[in-house]
Amino acid sequence: MKKVLILGGGFAGVDVAGYLSKANYNVTLVSDRDYFYIYPTSIWVPTREVTFKDVCVDLKELQAAHGFNLVVDGVTTIEAKENRVTLSSGKIIDDYDYLVVAIGAQKMKHPGIENTLSICAVPEQSMQIAETLDKLIAKGSGKIAFGFGGNPKDTSAVRGGPGFELMFNVHNLLKKKGVRKNFELTFFAPMAQPGARMGDQALAMMDKMFSRQELKRRFGKKIKRFEEDGVIFEDDSKLESDFTMFIPAGAGHEVVTNSDLPTSEAGFVSINDFCEVTIDDEISNVYAIGDTAALEGPDWRAKQGHVAEVMAKNVAFNIQERDKNSNERKGYQEHLNILCVMDTGDGAGFVFRDDKRAFMFPMPIVGHLMKKGWGWYCRNTKLGKFPRLPGM
Ligand SMILES: Cc1cc2nc3c(=O)[nH]c(=O)nc-3n(C[C@H](O)[C@H](O)[C@H](O)COP(=O)(O)OP(=O)(O)OC[C@H]3O[C@@H](n4cnc5c(N)ncnc54)[C@H](O)[C@@H]3O)c2cc1C
């Protein structure tokens, strides 16, 4: 039985572990968290529409469902050429046939970042945001800033959607509590048109929402630093805020950048269409999938959960074909698209973009319920309780 070592227990790692266990590989998954985190529905933790537990799936439950070996430990070193991985506990794993790197991304570092909280950082920050919002609501008034940053070396690592979703949800929460008029909500981003990669129609819809909900904007100015009471921009202007929620763009994971794996300029693992990693001019026994991998493709490409899942499925297929000495392989690039249900607190917008089309259509009320339903679907299909629907 061939051994596969998978690093990371997110969308990418959990899926490839499931597929390869089913195909009778001896799979070991290493994760520094003991749970799989459903990021897309974590946007409701800060507004207390769901609990933190609701968006976590215990990795032990996933292990029981799929039969892989689980090691809860941090990866500190990858020495691909030596076929060796070292963990925080000092444990060394060097007897694998294939290595799948799926440890996600790290965040760009901005001066004063400690004055912000992020919905896209370590999961626990979602609860800290909830506590901060509770305090502001108890105080009765305030200024809240929501924003995201860019990575000039890799636009696919920029993540703005959850920032918009959280702001719309906070707007609705404040409205429900009857205190919306006492709060100033502002969205900020260094780009002139944040969200532009979703297409013109999406931008026009968001524009209307900003006006209707009296949301302020501060677009097109580079961020200099964060302070306790606001954001300072390149021209030294200041956006005052009692609380700043900021999503830094993704950057290469330091375990990857410190390893002997080939990386892109931004520090993501360089892969080919089949998620294979070339070392010393040869296709190695290493694969990289999900947010940790460098995506190739159109300018609007984005690191997303469904792309991570496609890569996981392909790698499981590609490893099996390789072991059969077949040349058949599956690539991820033909599946690159932007697909998301962007929650607006009381509804949602269905966003789609590929090479041919870019559209967003509104789904009042039902969209919000659909996204909630997807959270339930995600948990239960990952646990193997229901079959997956194609493409979801
Ligand atoms: C708030 C939010 C909302 C989102 N909404 C959507 C959406 O609606 N649709 C969509 O398609 N995508 C969405 N995304 C993007 C999606 O969640 C990511 O693309 C996806 O999580 C990537 O999966 P991954 O497995 O590559 O990385 P991750 O999910 O980040 O998983 C990485 C795993 O590696 C582990 N790890 C990290 N470092 C180490 C280490 N040193 N040692 C051991 N383990 C380690 C982590 O604990 C984690 O288990 C959203 C993201 C966020 C943050």
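Every chain is numbered on its own, with residues counted from 1 as its sequence reads. Local features in this predicted model are restricted to residues whose pLDDT is 70 or higher, and side-chain atom pairs enter the listing and the counts only when it is 80 or higher, whereas totals over whole chains, interfaces and linings include all residues. Side-chain metrics rest on all non-hydrogen atoms present in the structure, leaving aside hydrogens and water.

Caption draft 1: Local environment of the pairing of strand β20 (residues 276-279). Judged from the 3 bridges that link them, β20 and strand β21 (residues 282-288) form a sheet pairing that is antiparallel. Within β21, the position partnered with Ile279 by the bridge is Glu282. Here β20 folds back onto β21 in antiparallel fashion, the turn holding 2 residues, of which Asp280 has a positive phi close to 50°. Strand pairing is defined by DSSP finding a minimum of two bridges between the two strands. Segments assigned H or I by DSSP are reported as helices when at least four residues long, segments assigned E as strands when at least two residues long, and all are numbered from the N terminus.

Caption draft 2: Representation of the side chain of Gln304. On the secondary structure map, Gln304 appears in the loop between β21 and α7 (305-323). If we ignore the near neighbours within four places in the chain, the residues touching Gln304 are Asp291, Asn337, Ile338, Leu339 and Cys340. Contact between two residues is taken to exist if any of their heavy atoms lie within 4.5 Å; hydrogens are not considered.

Caption draft 3: Main features of the site of the ligand. Neighbouring the ligand are 31 residues; Ala12, Asp32, Val75, His253 and Asp291 lie closest to it. Between a nitrogen atom of the ligand and a main-chain N or O atom of Val75, the distance comes to 2.8 Å. Here a polar contact is recorded for every N or O atom pair within 3.5 Å, except that within protein the pair must consist of a potential hydrogen donor and a potential acceptor, and residues adjacent in sequence are included only if both atoms are side-chain atoms. Interatomic distance of 2.8 Å between a backbone N/O atom of Asp291 and an oxygen atom of the ligand. Coverage of the ligand by the protein amounts to 91% of the 1000 Å² it exposes when considered alone. Of all elements in the fold, only α1 (11-22) and α7 reach the threshold of two or more residues within the shell around the ligand. One heavy atom within 4 Å of a molecule or strand makes the whole residue count as near it. Computed by Shrake-Rupley with a 1.4 Å probe, the accessible areas treat only the displayed protein chains as cover when residues are assessed.

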